Amino acid sequence: MLPLELYQGIESAWCPGCGNFGILKACKQALSELEIKPEDLLMVSGIGQSSKFPHYLRCNTFNGIHGRSLPLAMGAQLANHELKVVAHAGDGDCYGEGGNHLLAALRRNPNLTLVVHNNQVYALTKGQASPTTDQGYKTLLQPEGVAYPPLHALALAVSQDCSWVGRGFAGMVEHLTGLYKQALTHKGFALLEVLQPCVTFNHVNTYPWYQARVYDVEKESGYDPENELWAYRKAKEWGERIPIGVIFKRSRPLLEEAHPVLRAGPLVRQQPERPIKELLADFF
Amino acid sequence: MAIDFNILIGGAAGQGVHAITGPLAKTLVRQGCWVLFVQDYQSRIRGGHLFNKIRVSDRPLLSSREGVDLLVALNQETVQLHQDELAPDGVLIYDASKVKELPTQGLKLALDPDTLLPEQRAAEIAVNAGASGAILGLLKVPLEPMMALLLEAFGAKGAEVVGWNHKAAAAGYRLAAGVNNGHSLAGMTPPAQPRLLISGHEALALGALAAGLQFLSGYPMTPWSSVLNSVGLRAAKWGVVVEQAEDEIAAINLALGASFAGVRAMTGSSGGGFSLMVEALGLAGCSETPLVIVEAQRPGPSTGLPTRTSQGDLSFVLSAGQDDFPRAVLASGTPAQGFALAARAFNLADRYQLPVFLLTDQYFADTNFTQEVADFPETVEIDRALKLGPGAGAYARYAITADGISPRRLPGFGPELVVADSDEHTPDGHLTEDLAVRVQMHDKRLRKLTKLVTEMNGITTYGPAAAPLTLACWGSSLGPVQEAVARLNESKTPARMVHLSELWPFPGGAVAAALKGAKKLVMVEMNATGQANRLLRQETGLKADHLVLKYDGTPFTPEDILRGLEGHA
């Protein structure tokens, strides 16, 4: 176990009581228990309150643009697959702006962890609906209530054989730490969605709201995370009862295995030798 | 009498225009000819009309030119569309099963598939290989080198297919060998040092490989795709990760992630796809992540003319992205220059930690040029400009320095943490709203241009220095402009060319010096508004007296330029 102080980042700009604090605490705890050193870790993020996460944690960081944490993370992972790569994104960032990249990541199966902070609202832009906002939820922009049903991203992930799918709750830090540890050590694309109360803009999906609904799916009878039909039903369960825990697991070939050149080690450690005479040889 | 003639091979997409062109052009290059061929095609997979126009000479060629001397028609439409270009002493070689109406002028040579390959029913092979053989027969070039190339091209399809090709080529050759015409290559001999037949994008891809490219991501789009394909074909051999992205936004972000992690990375697209990349171009600028971007122009706006050529995106790449950040823009005139500039782009990107554009176009992408080995460098310098040794305590990725360049480390190469950000940031990479830091950091980034501009030049001049008429141009217009200038000088109109290949940061001093003495300045470019002329005026105060512009999607010919000068030369 490494000392927690090792991961101390800069002072945060999150609202007091923000669900992100619970996520940060769980993340640091998991990194410390797994003894992942800051220099071996690369955290990549997009834009939103969730994407400030890497600044508040001491590590290598690439904080990119809105919705694009996944391609940035996959590019870095392909260039150096010895780095422990973790992407942090919000529900708007990952399920809205960057939706196409989630689909592509599900196909590619990169060996990285994606943590989606799901607060069911656009907080940084002051309260508009997100892709996961519940139907009927009223905002300034949607005064009659959100017309469409929320995106069931975990069900989408299960349907596309995502290698590891789990859900945690920012109000249950110890449980979330366990999920982080599993996601970080899983070989393959791990999607960890975290229910994250927004204390400023979301007055419906609050700590008590989630507390009354979440249950540990792993303690249910018939728990069967390797059965995709069971997992699909659990991933779509939302409303009166919301499952947390590991929902789906499936072993699949990794993105890095699709590129034979990476068998010789991380790309960044290779020294390409390309004599110009040999390059020109195809054109005589 | 100098040798200089055009062979036009036309038909519907899928009929075999390329199957004839490739081996034929290579055979002629091996025989010692200088060959340049342009490709004209439509945005469709089958049908329509496409043609390749092969210019053949005993002297170096930089450009296509107008006129047709040998017309190979695989269908009737080709005759209809090109018969007016056929010279009075030209030769028409045609598929007799498809072409029924013939032009009045010139010699005519019918290819009957059933005669060429009587016992097999492989009409397309009969005509394609038969036409290749017939052209060589007409030109009095030995058939054997072509036979070797047909084996190379069709070997994978089996001995039977190769046999049909050989048989039809030999039959075509016999048919034409006795025909006398004005275009004999009998005197040509293979050069002591073999020459290359290579397209602009192929050479650019090789330059990137020579420079140590390790990661290429992209989404297919014409004409950019040929870079993706040229590297993709060679990726396994040379150890490159090539990833086809889900969209152009992913393509540029993948490349930025790979570059941040430490490998030389490239992405690219054509105008529409590059439009999608623009937000992440700003990310490269703000996060100071080295990146090489190919922007292969085609006419716009929007989808425009997908398979045609243009120089209409210069203003766009110069200003794409919100607010100011440093970038470099390079545009080659020949494949060999494309090779060298691709390699240079990676060094500039690494040294100055910024995005570098290789601005090309469909003409540069698809046109095959004959080049000498000596046109290419023997080695290229690779300067990663990285700091990888032990550090002295805390590391600040964006340390404020006099030249604006902060020492760059890589993540995972030591205890120093590398923190990069799209937000305005402190020297250690963390987001900030300290407005004094913002000004300091913005100035630091822009300061990189002060040193970079001193490295920029890329000016090629041609023609007598004292000529009063100067034709300025950039990028792929080099060949047609140089030939137009050569013809002006031959016809006693002294003229010179000033070609620019390094467009940003604009080498204003060097360009002004090169244009000094120009009594009449003409800017030649393939867009409707004179984008390079505006750049010249903005950066030097100089401006052209006359513009020769073309934007119908077809490349410049020397004749276009000479017509554009009428009344101004």
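Computed from a predicted model, the values in this text were never measured in an experiment. (Residues numbered from 1 in each chain as written. Chains lettered and ligands numbered in written order. Predicted model: local features only at pLDDT ≥ 70, side-chain atom pairs only at ≥ 80, totals over all residues.)

Peer 1: Tell me about helix H4 (residues 123-139) of chain B, and please be specific about residues and values.
Peer 2: Over its 17 residues, H4 of chain B runs 24 Å from end to end, which matches the ideal 24 Å to within 8%, given 1.5 Å per residue. A positive backbone phi angle near 60° is found at Lys140 of chain B, which sits one or two residues after H4 of chain B. (Helix = DSSP H or I, 4+ residues; strand = E, 2+ residues; numbered from the N terminus. Expected span 1.5 Å × (residues − 1).)

Peer 1: Explain the sheet that holds strand S4 (residues 113-118) of chain A to me, using residue names and the numbers behind them.
Peer 2: Strand order in this open sheet of 9 strands is S7(A)-S8(A)-S5(A)-S6(A)-S4(A)-S3(A)-S1(A)-S2(A)-S15(B), and the pairing throughout is mixed. The open sheet has two free edges, formed respectively by strand S7 (214-216) of chain A together with strand S15 (419-421) of chain B, since each of these has just one partner strand. With direction set aside, neighbouring strand axes in the sheet form an average angle of 20°. The pairing of strand S2 (residues 60-63) of chain A with S15 of chain B spans 3 bridges and is parallel. Bridged to Asn63 of chain A within S15 of chain B is Asp421 of chain B. Along the sheet, helix H2 (residues 69-79) of chain A makes contact with strand S1 (41-45), S2, strand S3 (84-90) and S4 of chain A, crossing S3 of chain A at roughly 175°. Of the strands in this sheet, strand S5 (164-169) and strand S8 (242-249) of chain A touch helix H8 (residues 228-236) of chain A, which is tilted by about 150° from S8 of chain A. (Pairing = 2+ DSSP bridges. Axes fitted to C-alpha atoms, helices over the stretch in contact; angles between N-to-C directions. Contact = placed C-beta atoms within 7 Å.)

Peer 1: An account of the packing of helix H15 (residues 478-490) of chain B against helix H18 (residues 558-565) of chain B is needed here, citing residue identities and associated values.
Peer 2: Residues and elements named next belong to chain B. Between H15 and H18, whose axes approach to 8 Å, the crossing angle comes to 60°. It follows from the interaxial angle that H15 and H18 lie oblique. As for how H15 packs across H18, the hand of that crossing is right-handed. For the pair H15 and H18, contact is made by Pro480, Val481, Glu483, Ala484 and Arg487 and by Pro558, Ile561 and Leu562, respectively. The class makeup of the residues in the contact of H15 with H18 is 6 nonpolar, no polar and 2 charged. (Parallel < 35°, antiparallel > 145°, perpendicular 65-115°, else oblique. Left-handed = near helix turned anticlockwise from the far one by under 90°. Nonpolar A, V, L, I, M, F, W, Y, C, P; charged D, E, K, R; others polar.)

Peer 1: Residues and numbers for the packing of helix H1 (residues 17-30) of chain B against H4 of chain B, please.
Peer 2: Residues and elements named next belong to chain B. Following both chains from N to C, one finds H1 and H4 inclined at 30°, their axes separated by 9 Å at the closest point. Taken together, H1 and H4 sit at an angle that is classed as roughly parallel. When the axes of H1 and H4 are compared, the crossing they make is right-handed. Of H4, the residues touching H1 (which contributes Ala19, Ile20, Pro23, Leu24 and Thr27) are Asn128, Ala131, Ser132, Ile135 and Leu136. The residue makeup of the contact of H1 with H4, split by class, is 7 nonpolar, 3 polar and no charged.

Peer 1: Describe the interface of chain B and chain A, with residues and values.
Peer 2: Listed by partner, the interface residues are 54 residues for chain B and 44 residues for chain A. Where the side of chain B that touches chain A is concerned, the elements lending two or more residues are strand S7 (196-199), helix H7 (200-210), strand S8 (215-218), helix H8 (225-238), strand S9 (241-244), helix H9 (248-260), helix H10 (271-287) and S15 of chain B. Examining the composition of the side of chain B that touches chain A, we find that 9 residues originate from one element, H9 of chain B, more than from any other. Here the side of chain B that touches chain A is composed, by residue class, of 34 nonpolar, 13 polar and 7 charged.

Peer 1: If you had to explain the sheet that holds strand S10 (residues 265-269) of chain B to someone new, which residues and values would you point to?
Peer 2: All names here are of chain B. With mixed pairing, the 7 strands of this open sheet are ordered in space as S9-S8-S10-S11-S13-S12-S19. With partners counted over all chains shown, the strands left at the sheet margins are S9 and strand S19 (502-504), one partner each. In this sheet, adjacent strand axes meet at a mean angle of 20° when their direction is disregarded. Of the strand pairs in this sheet, S10 and strand S11 (residues 291-297) are connected by 4 bridges, and their pairing is parallel. Following the sheet pairing, Ser269 is matched in S11 by Glu295.

On their own, these measurements won't tell you what the molecule is for.
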